[in-house]
Amino acid sequence: MYDHIGLKVRNLDASIKFYTAALAPLGHVLCSRDDSGAGFGPKDAPALWLHLSKDPEGSGAHVAFRAAGHDAIKAFHTAGLSAGGRDNGGAGPRAAYSPTYYAAFLIDPDGNNVEAVCT
C-alpha cells in the first residue's frame, strides 16, 4: 500500500485517458484535475498524482496497484492497452515473485511501468 505517488507526464490529456481507463477496473477514478496535473484514487482520496512536465524523458517509475482479483487485473490490462498503453506483461501468475502472485504490466504514455497485482 502507498500514501501517494507522483509521476511526471509530458501529455496530460493522454495520461488522463490512459489512467482513467486502466484504473476503472480497479475501482479508482479521476478525483482532481487542473492545467498542471490530475489526481486518481478512490473517490475523494487521490493517491496517484500526475504532474505536467516539459522534460523530454519520462521518469521510468514503477507503480503497482492492488486489485481485487484476476478478473480486475485482466480488465486493467485490456483497458490500458485500449487507452494507449503498451504491453509489458499480460495478466498471469508470477511464480518467481511468490506462489500466489498474479499481475499484469503496462507501459503508460510516458514510459512508466504500471502494474495491477493481487496475491
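Residues numbered from 1 in each chain as written. Predicted model: local features only at pLDDT ≥ 70, side-chain atom pairs only at ≥ 80, totals over all residues. Heavy atoms only, no water.

Attention now moves to the overall build of the chain. Within the chain, the secondary structure is distributed over 2 helices and 9 strands. Along the chain direction, N to C, the helices and strands of the chain fall in the order β-α-β-β-β-β-α-β-β-β-β. Over its C-alpha atoms the chain spans a radius of gyration of 13 Å, differing by no more than 12% from the 14 Å that the globule rule assigns to 119 residues. Seen through its C-alpha atoms, the chain measures out along the principal axes to roughly 40 × 30 × 25 Å. (Helix = DSSP H or I, 4+ residues; strand = E, 2+ residues; numbered from the N terminus. Rg over C-alpha atoms; globule rule 2.2 N^0.38 Å.)

Let us now look at the side chain of Asp 108. Structurally, Asp 108 can be placed in the loop between strand 8 (102-107) and strand 9 (113-118). Arg 86 provides the closest opposite charge to the buried, unpaired Asp 108, separated from it by 7.0 Å. Here the side chain of Asp 108 touches Tyr 19 through a polar contact of 2.6 Å, side chain to side chain. Among the polar contacts made by the side chain of Asp 108, one reaches the main-chain amide nitrogen of Asn 112 at a distance of 2.9 Å. In contact with Asp 108, not counting residues within four places along its chain, are Leu 7, Phe 18, Tyr 19 and Val 114. (Buried < 20%, exposed > 50% of the residue type's maximum accessible area, 1.4 Å probe, protein only. Lys, Arg positive; Asp, Glu negative; His and termini not counted. Salt bridge = Lys/Arg side-chain N within 4 Å of Asp/Glu carboxyl O. Polar contact = N/O pair within 3.5 Å; in protein donor to acceptor, adjacent residues only side chain to side chain. Contact = heavy atoms within 4.5 Å.)

Moving on: the nonpolar core. Tyr 19, Leu 26, Phe 40, Leu 48, Leu 50 and Phe 76 are the most contacted members of the largest nonpolar core, which totals 25 residues. Among the elements that take part in this core, helix 1 (residues 12-23) stands out by supplying 6 residues, more than any other. (Core = buried A, V, L, I, M, F, W, Y, C linked by side-chain atoms within 4.5 Å.)

Once that is clear, we can look at the pairing of strand 5 (residues 62-66). By the alternation rule, side chains of strand 5 split into Val 63 and Phe 65, which are all buried, and His 62, Ala 64 and Arg 66, of which none is buried. Where strand 5 lies against strand 9, 5 bridges are found, and the strand directions are parallel. Counted as the bridge partner of Val 63 is Val 114 from strand 9. (Pairing = 2+ DSSP bridges.)

Another aspect to go through is helix 1. Taking 1.5 Å of rise per residue, 12 residues should cover 16 Å, and helix 1 covers 16 Å from first to last C-alpha, within 8% of that figure. Listed in full, the buried residues belonging to helix 1 are Leu 12, Ser 15, Ile 16, Phe 18, Tyr 19, Ala 22 and Leu 23. Down the axis of helix 1, the smallest arc covering the buried residues is 165 degrees, so these residues share one side. Sitting at the head of helix 1, Asn 11 places a side-chain oxygen 3.2 Å from the backbone nitrogen of Asp 13. (Expected span 1.5 Å × (residues − 1). Arc of directions from axis to C-beta.)

We now examine unusual backbone geometry. Positive phi, close to 65 degrees, is recorded for Asp 44, a residue that is not glycine. Considering the arrangement of structural elements, one finds Asp 44 in the loop between strand 3 (37-41) and strand 4 (48-52).

A separate point is the pairing of strand 9. Here strand 9 lies mainly inside the structure; 6 of its 6 residues are buried. Side chains Asn 113, Glu 115 and Val 117 of strand 9 all project onto a buried face; the interleaved residues Val 114, Ala 116 and Cys 118 project onto the opposite face, where all are buried too. Taking the residues between adjacent antiparallel strands as the criterion, strand 8 and strand 9 are bridged by 5 residues, where Gly 111 takes a positive phi near 90 degrees.

Time to look at the pattern of salt bridges. Tallying each qualifying case throughout the model produces 2 salt bridges. A salt bridge links Asp 110 to Arg 10, with the shortest nitrogen-to-oxygen separation between them at 3.8 Å. With Asp 110 in the loop between strand 8 and strand 9 and Arg 10 in the loop between strand 1 (5-9) and helix 1, this pair connects stretches of sequence that are 100 residues apart. We classify Asp 110 as buried; its relative accessible area is 5%. The class for Arg 10 is partly exposed, based on a relative accessible area of 36%. A salt bridge links Asp 13 to Arg 33; the nearest nitrogen and oxygen atoms lie 2.5 Å apart. With Asp 13 in helix 1 and Arg 33 in strand 2 (residues 29-34), this pair connects stretches of sequence that are 20 residues apart.

Interpretation in functional terms is not warranted from these geometric data alone.
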